[in-house]
Amino acid sequence: MSKPASGNPVAGFFRAIGNFFKEFGSAVAKGDWGVKASLLISGMGWLKRGQIIKGILVTLLEIGVIAYELMIGFPYIAKLGTLGTVEQAMVYNPNTMKNEVNDYDHSLLILLFGVISLVTLLVAIVLWMANIKAAYELQKRAEAGKHINNFKEDISVMMNGKFHITLLFLPIMGIIIFNIMPLIVMIAIAFTSYDQNHMPPAALFTWVGFDNFKSLFTSNLTTTFGYSFWKVLGWTLIWACLATFTTYIGGILLSLLINHKLTRVKKFWRTAFVVAIAIPQFVTLLVMRSFFANTGLMNKFCEAIGFTGLMQKLGWVSTNYIPFLTDPTWAKITIILINIWVGVPYLMLIATGVLMNIPEELKESARIDGANSAQIFRHITMPYMLFITGPYLVTQFTANINNFNVIYLLTNGVYVTTDQKLAASNAKEVDLLVTWLYNLTSGQYNYKMAAVIGIMVFIVCALFTLIAFNYLIKGDKEEAFR
């Protein structure tokens, strides 16, 4: 009886790596001259077995990688340790008798092409080892007298039996080039001194280790990032929880209200709320910003009905208007309320589809057993909704952590912080981590700290996602709702 596989994914990952190297070593040791020749010329193992086209293509790929690394890759990799040592300067050229720009180093290009070249080299080594293994497998097939596909047969297999691999090749390459590579570069920038004072090509930046991370958790007379980080992180988590909870519960309650048997003209109410989705979000938010401005229509209305005067008497407002978007507390409340208006209709549509699929037999059985509407909602409706929409709820929470549009469009150019510590690190009370990151890059060119904050955003989202999904898939919830 075979030994059951370990449930530890980390152990399984390292076991797979160990097996890969073990199989590569076995292929090198037991392979014939064609396999061993593939150590130098990758296509030899294929050429020996009569697969001429595949052998030529593999060899050309090897030549291309080697040529790239020799001409472009290795010069940049060699400078990765320092990110450049020669600054831009004007140097007198005796041949032309003019001052010319010297042959300077560009730190950003060194980092970018150095990382790309290093990753390309590592991937090429893995593919080279995999090619040796494949050549050895081909040798074993030949020795066993099995049929070896020609090029046309291989193409047929890739377009039929393994078409999923062919179909996924370009998307995977796109993810690697446009997602993974920029992420690696961004993570690397977090360990450098790349900011406004070290802007290439005029100046160089270099590696600083974990100094930027220390700055993020340090607060003193010269550095206030620690103070700002905890305040912004706290508001980010509060915002994400409230924005997710209010729109989720609001969407369910609105759906239940519209679909109640006593509600008339249901189609009209659905259409009225869906209009909010049809209008582009940035248009709605910009209109709301003007609507809730200090001199906007909402303030005029509140003044006309006496609400502003009441707030002044209670001591909640010290001005002749309500600072909906200019006071820290009022701005946060206003932002959450506007987000409810924007988000509830979309959740209402999702909830409507899910609620229509709840078996009526469950509700009817509960009523026969004496359950009232509140008990049915608590013990049947909500558990079913959470089971079906749980993954959406998790992704919505992480999306709200990174909800740039709502915060930025409502507060940009309107809200000005009076907290000097926040202002010193270019943050505001209403900023999320993502808007703070944007302000650091677009206004201050502080790319190093923006990269550190980006890493922290990823850590927060990853931790919550892992914990939430682990809870959602725990137990036998699927059987309970069949």
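That block above? That's the structure.
What you are looking at is a predicted structure, and each value in this text was computed from that prediction instead of being measured.

Some words on the overall build of the protein
Tallying secondary structure elements over the protein gives 21 helices and 2 strands in all. Along the first, second and third principal axes, the C-alpha atoms of the protein reach 90 × 80 × 40 Å. Summed over all atoms, the accessible surface of the protein reaches about 28,500 Å², with 68% contributed by carbon and sulfur.

Side note on the pattern of salt bridges
Applying the stated criterion to the full structure yields 8 salt bridges. The residue aspartate 431 makes a salt bridge to lysine 428 at a minimum N-O spacing of 3.8 Å. By relative accessible area, which is 17% here, lysine 428 ends up buried.

Section: the nonpolar core
Among the nonpolar cores identified, the biggest contains 35 residues, and Leu111, Leu216, Phe229, Leu433, Trp436, Leu440 and Ile453 are the most heavily contacted of them. Residue assignment for this core shows that the elements contributing at least two residues are helix H5 (107–143), helix H7 (163–189), helix H8 (211–216), helix H9 (225–258), helix H16 (373–401), helix H19 (433–442) and helix H20 (447–472). Among the elements that take part in this core, H20 stands out by supplying 9 residues, more than any other. When near neighbours in sequence (up to four residues on either side) are disregarded, isoleucine 453 contacts Leu216, Leu433, Trp436, Leu437 and Leu440. The next biggest cluster of nonpolar side chains, apart from the first, holds 28 residues, and it includes Ile322, Val406, Leu409 and Leu410.

Focus: a nonpolar patch on the surface
On the surface, a nonpolar cluster with roughly 1,000 Å² of combined accessible area is contributed by Leu168, Phe169, Leu170, Ile172, Met173, Ile175, Ile176, Ile177, Phe178, Ile180 and Ile184. Along the chain, isoleucine 177 turns up in helix H7.

A word on the pairing of strand E1 (residues 90–93)
The pairing of E1 with strand E2 (residues 98–101) spans 4 bridges and is classified as antiparallel. Among the inter-strand pairings, asparagine 93 is bridged to a residue of E2, identified as lysine 98.

Section: the packing of aromatic side chains
Applying the stated rule across the entire model yields 22 aromatic pairs. Between phenylalanine 268 and tryptophan 269 the ring centres are 5.2 Å apart and the planes differ by 70°, which places this aromatic pair in the edge-to-face class. Pairwise contacts between aromatic rings join Tyr194, Phe205, Tyr445 and Tyr447 into one cluster. Taking the ring centre of tyrosine 227 as reference, the NZ or CZ of lysine 421 above it sits at 5.1 Å.

What to know about the environment of glycine 250
Among the structural elements, glycine 250 can be located in helix H9. With 37 residues separating them along the chain, glycine 250 and valine 287 place their C-alpha atoms 22 Å apart. Each residue touching glycine 250, except ones within four places of it in the same chain, is listed here: Phe245 and Val344.

A short note on unusual backbone geometry
A cis amide bond links proline 200 with the next residue in sequence, proline 201, at an omega value of 5°. Along the chain, proline 201 turns up in the loop between H7 and H8. A positive phi angle, near 60°, is found at leucine 83, a position not held by glycine. Examined against the element boundaries, leucine 83 turns out to sit in the loop between helix H4 (52–78) and E1. For leucine 83, a relative accessible area of 0% corresponds to the buried category. Although it is not a glycine, tyrosine 445 adopts a positive phi angle of roughly 55°. Within the secondary structure, tyrosine 445 sits in the loop between H19 and H20. Take tyrosine 445: its relative accessible area is 35%, and that puts it in the partly exposed class.

Reading guide: rules and limits
- Once a new chain begins, its residue numbering starts again from 1 and follows that chain's sequence as written.
- Local features are withheld for residues below a pLDDT of 70 in this predicted model, meaning they are given only at 70 or higher, and side-chain atom pairs are given and counted only at 80 or more; totals for whole chains, interfaces and linings count all residues.
- Hydrogens and water molecules were not included; the side-chain quantities draw on all heavy atoms of the structure.
- Secondary structure elements follow DSSP: runs of H or I of four or more residues count as helices, runs of E of two or more count as strands, with numbering from the N terminus.
- Note on areas: Shrake-Rupley, 1.4 Å probe, and residue coverage restricted to the protein chains presented here.
- A pairing counts as a salt bridge when a side-chain nitrogen of Lys or Arg comes within 4 Å of a carboxyl oxygen of Asp or Glu.
- Remark: exposure states derive from per-residue accessible area (1.4 Å probe, protein chains only) relative to the maximum for the residue type, with buried under 20%, exposed over 50%, and partly exposed in between.
- As used here, the term nonpolar core means buried Ala, Val, Leu, Ile, Met, Phe, Trp, Tyr and Cys residues forming a set that is joined through side-chain atoms within 4.5 Å.
- In what follows, a contact means two residues having at least one pair of non-hydrogen atoms within 4.5 Å.
- Surface patches are drawn from residues lacking salt bridges whose relative accessible area is over 30%; two like charges belong together within 9 Å, two nonpolar side chains (Val, Leu, Ile, Met, Phe, Trp, Tyr) within 5 Å.
- Here, strands pair whenever DSSP counts at least two bridges between them.
- Side-chain rings of Phe, Tyr and Trp, where Trp is taken by its six-membered ring, are said to pair if the distance between their centres is within 6.5 Å; with planes under 30 degrees apart they count as stacked, over 60 as edge-to-face, and otherwise as tilted.
- Here, over-ring charges are defined by two tests on the NZ atom of lysine or the CZ atom of arginine: distance to the ring centre within 6 Å, and angle to the ring normal within 35 degrees.

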